[in-house]
Amino acid sequence: MLEDDRIWHVRDLVKEHVSSPSLRHIRDPAAILSISRRILKSIDRGSGIWKKWEGEREVLIKLAAGCWIPTDCLRDYLNLFPGPKLTSTDVAQRIQAIEEEPYTSFPKDGHREGCLAIFNEEKELGTELSATIRRIANFVSVEEERLRTEREQAYKQARVREQDAAEARLVAGADCKWTQLRGAPHFYCRTNGRTYRLSPTVDKKWELSRVDRPSPDDRGEYIGRYSGRGNATKVVAEMAFHAEHRR
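Worth saying up front: this structure is predicted, and the values here are computed from it rather than measured.

**Q** Hey, could you run me through the overall build of the chain in this one?
**A** Looking only at helices and strands, one finds nine helices and five strands in the chain. Each helix and strand of the chain, ordered N terminal to C terminal, gives the series α-α-α-α-α-α-α-α-β-β-β-β-β-α. The C-alpha atoms of the chain give a radius of gyration of 32 Å, which is well past the 18 Å a tight globule of 247 residues would have. Residue burial in the chain is summarised as follows: out of 247 residues, 33% are buried. Across the chain, the fraction of contacts at a sequence separation of at least 24, relative to all contacts at a separation of at least 6, is 44%. Per element, the accessible surface of the chain, about 16,300 Å² overall, is 54% carbon and sulfur.

This is the structure we're talking about:
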């Protein structure tokens with residue numbers, strides 16, 4: 001038997017009732033009637049406007065969403081469970097409604113071929129559809145995690161390439177935005193051919209200096225102390241085009 005979400009609602013209500021420190025309250029007829037009404041209301045809530053979907057049907061259709069199970073095969077299997085007769089439209093539209101719910105994603109086209117391959121393989125073996133759906137759902141979960149990992153790695157690699165390009169522009173003497181050299185706490189930028197350095201302080205401020213080259217050994221000329229990089233950037237944008245008289 002597939003797990004029914006309503007069981008957990010009933011369990012929580014019963015647990016709440018018997019957790020009362022008063023044995024008299026637990027046995028009180030009025031309290032028993034009250035908890036009975038709450039349980040019945042929880043069960044009757046069902047699937048709202050979807051009157052054909054209760055119990056194991058609802059559990060299975062939610063598991064099948066995103067698994068690319070052929071609609072007619074899913075319809076025939078679901079009609080084996082108690083409830084009004086389902087049509088292909090019933091099944092297709094219920095799946096679409098589930099996929100449109102918050103925190104639920106639409107089936108990925110990239111998973112379709114793999115899902116159908118598993119479906120056909122298990123169908124040939126005579127596997128019960130509920131077991132097939134669970135296997136496909138696991139396959140989709142693994143694929144999603146694999147794709148997430150690949151996206152994360154691609155993003156990290158892109159960030160490394162961006163960092164390499166930014167450092168190359170800085171070292172080559174080209175104008176560039178704030179760039180942090182690897183292994184150094186300082187940030188450098190170059191505007192109008194002038195190089196500036198931002199150094200973090202122990203009290204989480206920033207000290208701005210005009211330097212000749214991106215090196216911590218270049219003490220440069222101290223400009224000021226700022227609470228954020230944005231403030232320092234505004235100062236640089238103004239100073240970089242002013243005439244300067246450096247010692």
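Once you've had a look at it, read on.
**Q** Explanation requested: the pattern of salt bridges in the structure shown.
**A** A side chain with one charge may pair with a side chain of the opposite charge, provided their charged atoms come close. Counting across every chain of the model gives 19 salt bridges. Taking the shortest distance from any N to any O, the salt bridge between Glu152 and Lys156 comes out at 3.8 Å. A residue pair is termed a helical-turn pair when its members lie 3 or 4 positions apart in one helix, as Glu152 and Lys156 do in helix α8 (residues 129-172) at four residues. Overall, Glu152 belongs to the partly exposed group, its relative accessible area being 37%. Among the ionic pairs, Glu207 bridges to Arg225, the shortest N-O distance being 3.2 Å.

**Q** What is the right way to read the nonpolar core from this model?
**A** Buried together is how nonpolar side chains tend to be arranged in soluble globular proteins. Counting residues in each nonpolar core, the largest one holds 23 residues, and the members touching the most others are Ile61, Ile69, Leu74, Leu78, Val91 and Ile136. Going through the elements one at a time, α4 (55-64), α5 (71-78), α6 (88-99), α7 (109-125) and α8 are the ones with two or more residues in this core. If one sorts the elements of this core by residue count, α8 sits on top with five residues. For Val91, the residues in contact, after removing those within four places along its chain, are Trp53, Ile61, Thr71, Leu74, Arg75, Leu78 and Leu86.

**Q** It is not clear to me how the side chain of His111 should be interpreted in this structure. Could you clarify?
**A** Mapped onto the elements, His111 comes out in helix α7. A residue is classified by how much of its surface remains accessible, and His111, at 3% relative accessible area, is buried. Once you skip the residues sitting within four places of it in the chain, His111 turns out to touch Trp68, Phe139, Val140, Glu143, Glu144 and Leu147.

**Q** Explain the packing of aromatic side chains here, please?
**A** Ring pairs (aromatic) are described by centroid distance and by the angle formed between their planes. According to the stated counting rule, one finds two aromatic pairs in the structure shown. For the pair Phe187 and Trp206, a centre-to-centre distance of 5.7 Å together with 75 degrees between the ring planes defines the contact as edge-to-face. Taken together, the residues span a long stretch of sequence, with Phe187 in strand β2 (residues 187-191) and Trp206 in strand β4 (residues 206-211) at a distance of 19 residues. With respect to class, Phe187 is no different from Trp206; both count as buried. Directly above the aromatic system of Tyr196 lies the positively charged group of Arg210, at a separation of 5.8 Å from the ring centroid. Directly above the ring of Phe187 sits Arg229, whose terminal nitrogen or CZ lies 4.3 Å from the centroid.

**Q** Please clarify how the environment of Val236 should be interpreted in this entry.
**A** In this structure, Val236 sits in helix α9 (residues 229-239). Residues Val236 and Thr195, 41 residues apart in the sequence, show an inter-C-alpha distance of 9.5 Å. Other than its neighbours up to four places away in sequence, Val236 contacts Trp178, Cys189, Thr191, Tyr196 and Leu208.

**Q** What should I look at first to understand the confidence of the model for the chain in this one?
**A** Keep in mind that low pLDDT regions are not for reading the predicted coordinates in detail. Summary statistics for the chain give a mean pLDDT of 86 and a share of 91% for residues scoring 70 or more. Taken element by element, the chain is modelled with least confidence in helix α1 (residues 5-18), mean pLDDT 73, and with most confidence in α5, mean pLDDT 96.

**Q** Can you walk me through the side chain of Asp90 in this structure?
**A** Mapped onto the elements, Asp90 comes out in helix α6. Within the structure, the side chain of Asp90 is placed 2.9 Å from the backbone nitrogen of Thr87, a separation counted as a polar contact. When neighbours within four sequence positions are excluded, Asp90 is seen to be in contact with Lys52, Trp53 and Lys85.

**Q** Can you walk me through the sheet that holds strand β3 (residues 194-200) in this structure?
**A** Remark on secondary structure: sheet strands pair via backbone hydrogen bonds, oriented parallel or antiparallel. Taken together, the five strands give an open sheet; going across it, the order is β1-β2-β3-β4-β5, and neighbouring strands pair in antiparallel fashion. Looking along the sheet, the strands with just one partner apiece sit at the ends: β1 (176-180) and β5 (221-226). Here the average twist between neighbouring strands, direction ignored, is 20 degrees. Sheet topology note: the β2/β3 ladder contains five bridges and is antiparallel. Among the inter-strand pairings, Cys189 is bridged to a residue of β3, identified as Tyr196.

Cut-offs and rules
Once a new chain begins, its residue numbering starts again from 1 and follows that chain's sequence as written. Restriction of local features to residues with pLDDT of at least 70 applies here, the model being predicted, together with a cutoff of 80 or more for giving and counting side-chain atom pairs; totals for whole chains, interfaces and linings are based on all residues. Where side-chain values are given, they derive from all heavy atoms of the structure, hydrogens and water being excluded. Numbering of helices and strands runs from the N terminus, with a helix taken as a DSSP run of H or I at least four residues long and a strand as a DSSP run of E at least two residues long. Within these notes, the globule rule equals 2.2 Å times the number of residues to the 0.38 power, and the radius of gyration is based on C-alpha atoms. The buried label goes to any residue with under 20% of its type's maximum accessible area, the exposed label to any with over 50%, and the partly exposed label to all in between, with areas taken from a 1.4 Å probe on protein chains only. Contacts were defined at the residue level, with two residues in contact if any of their heavy atoms lie within 4.5 Å. Surface accessibility in these figures is a Shrake-Rupley result with a 1.4 Å probe; residues are shielded only by whichever protein chains are displayed. Salt bridges are defined as contacts in which a side-chain nitrogen from Lys or Arg sits within 4 Å of a carboxyl oxygen from Asp or Glu. By nonpolar core we mean a set of buried residues, namely Ala, Val, Leu, Ile, Met, Phe, Trp, Tyr and Cys, connected to one another through side-chain atoms within 4.5 Å. Centres within 6.5 Å are what make two rings of Phe, Tyr or Trp a pair, Trp counting through its six-membered ring; a difference in plane orientation under 30 degrees is then read as stacked, over 60 as edge-to-face, and the rest as tilted. Remark: a charge is flagged as sitting over a ring if the NZ atom of Lys or the CZ atom of Arg is within 6 Å of the ring centre and within 35 degrees of the ring normal. Each residue gets a pLDDT score, which is the predictor's confidence in that residue and runs from 0 to 100. Pairs of N or O atoms are called polar contacts if they sit within 3.5 Å, as long as, within protein, a hydrogen donor faces a hydrogen acceptor (for residues adjacent in sequence, only side-chain-to-side-chain pairs). One bridge is not enough; two strands pair if DSSP finds at least two bridges between them. Every axis corresponds to a line fitted to the C-alpha atoms, with the helix fit spanning only the stretch in contact, and the corresponding angles, defined between N-to-C directions, vary from 0 to 180 degrees.

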